[in-house]
There are 2 protein chains.
Amino acid sequence: VIELETRILAKNDALAARNRAWFAGREMLALNLVSSPGAGKTTLLERTIRDFAGELAISVLEGDQATDLDRDRIRAAGAPAIQLNTGTGCHLEADMVARGLEQLRPAFGSVLLIENVGNLVCPAMFDLGERAKIVVLSVTEGDDKPVKYPHMFAAAKLMLINKIDLLPHVDFGVERAIDHARRINPGIEAMYLSARSGEGLAAWYDWLRHEAKTTRSTLTG
Amino acid sequence: VIELETRILAKNDALAARNRAWFAGREMLALNLVSSPGAGKTTLLERTIRDFAGELAISVLEGDQATDLDRDRIRAAGAPAIQLNTGTGCHLEADMVARGLEQLRPAFGSVLLIENVGNLVCPAMFDLGERAKIVVLSVTEGDDKPVKYPHMFAAAKLMLINKIDLLPHVDFGVERAIDHARRINPGIEAMYLSARSGEGLAAWYDWLRHEAKTTRSTLTG
């Protein structure tokens with residue numbers, strides 16, 4: 001089983017490297033958003049797309065086991081989107097992303113946001129060719145999640161703590177969650193926000209703006 | 001020795017796949033020109049660059065063991081060019097091309113012509129990520145070259161028989177050369193021309209125009 005898993009991951013890594021080179025050629029920023037189901041990724045994307053209208057060209061690959069619902073929400077928010085259905089699969093793989101890109105044909109110099117299947121385990125292992133993974137953790141899930149799902153928080157560059165409008169109603173320590181995440185991944189960046197109320201979005205937007213600006217066509221190293 | 005060679009080629013193939021994906025992301029056409037030394041590749045490039053001025057954005061990676069002479073000739077013809085020196089090496093490799101691309105930064109949707117080191121043997125084995133290899137055979141070399149250097153003619157999509165202005169002075173059968181090439185590679189396309197006199201260039205230009213038009217951002221398959 002371990003050997004088969006290693007082979008599957010090696011094949012995925014090779015295809016992810018191909019995606020990464022394609023993004024580099026196209027001078028694009030690609031980000032992979034991961035979270036538990038219902039952490040608010042789609043709502044965050046909708047709001048981000050609306051608020052960046054006219055500033056950044058954003059397109060989206062939507063991962064779900066089934067349905068086109070999220071693709072339709074993203075399109076209604078004003079961004080090109082393609083739905084990838086994984087069937088029994090619990091995560092996106094690099095070859096699915098490659099096929100999605102051929103349909104999506106994102107613009108040169110644009111930003112691609114990949115919304116992975118809601119799952120805090122499997123997507124951690126599968127590189128899609130993204131520059132960075134962003135893990136979204138909602139305050140309703142508990143501040144212990146980083147230590148209980150260490151692989152995902154170790155793989156992420158940025159943690160977005162979402163739904164802070166609900167903090168008065170739940171037992172969730174923002175600083176405790178950040179401490180837990182940094183015990184696993186000392187370098188992880190962290191922000192807290194509410195995609196619904198809009199609180200805290202400015203810092204996330206600054207982060208995205210900065211990453212988009214520093215995209216280069218690097219092939220080596 | 002065979003095992004080491006296999007490992008070197010496997011590593012090169014992986015880097016070539018990365019270059020190919022980068023070209024696809026950038027929607028570029030990349031061609032790899034190979035020949036014996038002195039078959040007229042640089043002269044053909046100079047003329048092609050001048051004749052396509054204003055129509056196709058062409059840039060060049062120049063491979064030579066030593067000197068920047070060809071790069072300077074290409075720049076004088078009006079195209080951006082970077083020289084790659086291979087030292088003791090008899091061919092370009094994919095990682096050299098990657099480093100060259102970072103310096104060259106060819107335009108989106110443009111055409112990259114890679115002039116390999118003059119050599120009818122080694123460059124045949126090394127994929128650089130190009131769409132196609134073009135082998136240039138000059139009539140002064142003899143029409144038996146395709147059967148004597150079969151790997152190169154098997155690897156090429158197109159054979160350009162060059163220096164046909166010298167045909168009256170040498171014993172070279174154009175049809176014989178094409179027959180020899182097709183014995184090795186039944187699908188090879190063939191044209192004859194003189195980069196110096198300009199005879200036959202129109203067919204080569206049509207071929208290049210057609211290839212440039214059919215470039216797509218394909219990632220899969």
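Reference entry: report on the structure contained in this document. Residue indices follow the written sequence of each chain, beginning from 1 at its first position. Chains and ligands are labelled sequentially in the order written, the chains with letters from A and the ligands with numbers from 1. Reporting of local features is limited, given that this is a predicted model, to residues whose pLDDT is at least 70; pairs of side-chain atoms are given and counted only at 80 or more, and all residues count toward the totals for whole chains, interfaces and linings. For the side-chain quantities, the full set of heavy atoms in the structure was used; hydrogens and water were omitted.

So, the relation of the copies chain A and chain B
Okay, step 1: When chain A is fitted to chain B, the best match, at an RMSD of 0.0 Å, comes from turning it 179° and sliding it 0.0 Å along the axis. Accordingly, the operation relating the two chain copies is best matched by a two-fold axis.
Okay, step 2: Residues count as neighbours in contact if any of their non-hydrogen atoms are within 4.5 Å of one another. A shared binding surface is used by both copies, with 100% of the interface residues of chain A retained as interface residues in chain B. For the least-squares superposition of copies, only C-alpha atoms count, and only for residues with pLDDT at least 70 in both.

Focus on helix α1 (residues 2–25) of chain B
At 3.6 residues per turn, the α-helix brings residues three or four places apart onto the same side.
Okay, step 1: When the terminal C-alpha atoms of α1(B) are compared, their 34 Å separation across 24 residues agrees well with the 34 Å that a helix rising 1.5 Å per residue should span.
Okay, step 2: We call a residue buried when its accessible area falls under 20% of the maximum for its residue type, exposed when it is over 50%, and partly exposed in between, using a 1.4 Å probe and counting protein chains only. Helical segments are the DSSP runs of H or I of at least four residues, strand segments are the runs of E of at least two, and each set is numbered from the N terminus. Here α1(B) has its buried residues at Leu9(B), Asn12(B), Leu15(B), Ala16(B), Asn19(B), Ala21(B), Trp22(B), Phe23(B), Ala24(B) and Gly25(B).
Okay, step 3: Those residues of α1(B) that are buried are in contact with α1 (2–25) of chain A together with β1 (29–35), α4 (94–104) and β4 (111–115) of chain B.
Okay, step 4: Within two residues after α1(B), Glu27(B) carries a phi angle of roughly 50°, on the positive side. Helix span, expected: 1.5 Å multiplied by one less than the number of residues in the helix.

With respect to the interface of chain A and chain B
Okay, step 1: Contact residues are listed per partner, giving 19 residues for chain A and 19 residues for chain B.
Okay, step 2: In this description, buried area is defined as the sum, over both parts, of the accessible area (probe of 1.4 Å) that is lost when the two are combined. When chain A packs against chain B, close to 1,900 Å² is buried across both sides, 55% of that on carbon and sulfur atoms.
Okay, step 3: The rule for a salt bridge is simple: a side-chain nitrogen of Lys or Arg has to be within 4 Å of a carboxyl oxygen of Asp or Glu. For the interface between chain A and chain B, the tally reads four salt bridges.
Okay, step 4: For Arg26(B), the salt bridge identified is with Glu27(A), shortest N-O distance 2.9 Å.
Okay, step 5: Polar contact criterion, stated in full: a pair of N or O atoms within 3.5 Å, where within protein one must be able to donate a hydrogen and the other to accept it, and residues adjacent in sequence count only if both atoms are side-chain atoms. At the boundary of chain A and chain B, one finds six residue pairs in polar contact (both at pLDDT 80 or more).
Okay, step 6: In terms of residue count, α1(A) provides more of the side of chain A that touches chain B than any other element does, seven residues in total.
Okay, step 7: All amino acids are sorted into three groups, where Ala, Val, Leu, Ile, Met, Phe, Trp, Tyr, Cys and Pro are nonpolar, Asp, Glu, Lys and Arg are charged, and the leftover types, Gly among them, are polar. Looking at side-chain class alone, the side of chain A that touches chain B contains eight nonpolar, five polar and six charged residues.

Looking at the pattern of salt bridges
Okay, step 1: Across all of its chains, the model carries 40 salt bridges over all chains by this definition.
Okay, step 2: A salt bridge links Arg71(B) to Asp68(B); the shortest N-O distance between them is 3.6 Å.
Okay, step 3: Salt bridges linked by common partners bring Arg26(A), Arg105(A) and Glu27(B) together as one network.

Thoughts on the packing of helix α2 (residues 41–51) of chain A against helix α3 (residues 69–77) of chain A
All names here are of chain A.
Okay, step 1: For helices, the fitted line uses only the C-alpha atoms of the stretch in contact; every axis is such a line through C-alpha atoms, and the angle between N-to-C directions lies from 0 to 180 degrees. Between α2 and α3, the least distance of the axes is 9 Å, while the angle of their chain directions is 20°. Between α2 and α3, the interaxial angle falls into the category roughly parallel. Crossing angle aside, the handedness with which α2 passes α3 is right-handed. Along the contact surface, α2 presents Thr42, Thr43, Leu45, Glu46, Ile49 and Arg50, while α3 presents Asp70, Arg73, Ile74, Ala76 and Ala77. When describing relative orientation, an angle under 35 degrees is termed roughly parallel and one over 145 degrees roughly antiparallel, while 65 to 115 degrees is termed roughly perpendicular and anything else oblique. The hand of a helix crossing depends on one turn: near helix anticlockwise from the far one by less than a right angle means left-handed, and clockwise means right-handed.

A look at the sheet that holds strand β3 (residues 81–85) of chain A
All names here are of chain A.
Okay, step 1: With respect to topology, seven strands assemble into an open sheet ordered β3-β2-β4-β1-β5-β6-β7, the strand pairing being parallel. Each having just a single partner strand, β3 and β7 (189–192) make up the two edges of the open sheet. Averaged over neighbouring strand pairs, the angle between their axes works out to 20° when direction is ignored.
Okay, step 2: Where strand β2 (residues 58–64) and strand β4 (residues 111–115) come together, five bridges link them in parallel fashion. For leucine 61, the partnering residue across the bridge sits in β4 and is isoleucine 114.
Okay, step 3: Sheet contacts for α2: β1 (29–35), β2, β4, β5 (132–138) and β6 (156–162); angle to β2, the most-contacted strand, approximately 170°. Here, a strand pair is defined by DSSP locating no fewer than two bridges between the strands.

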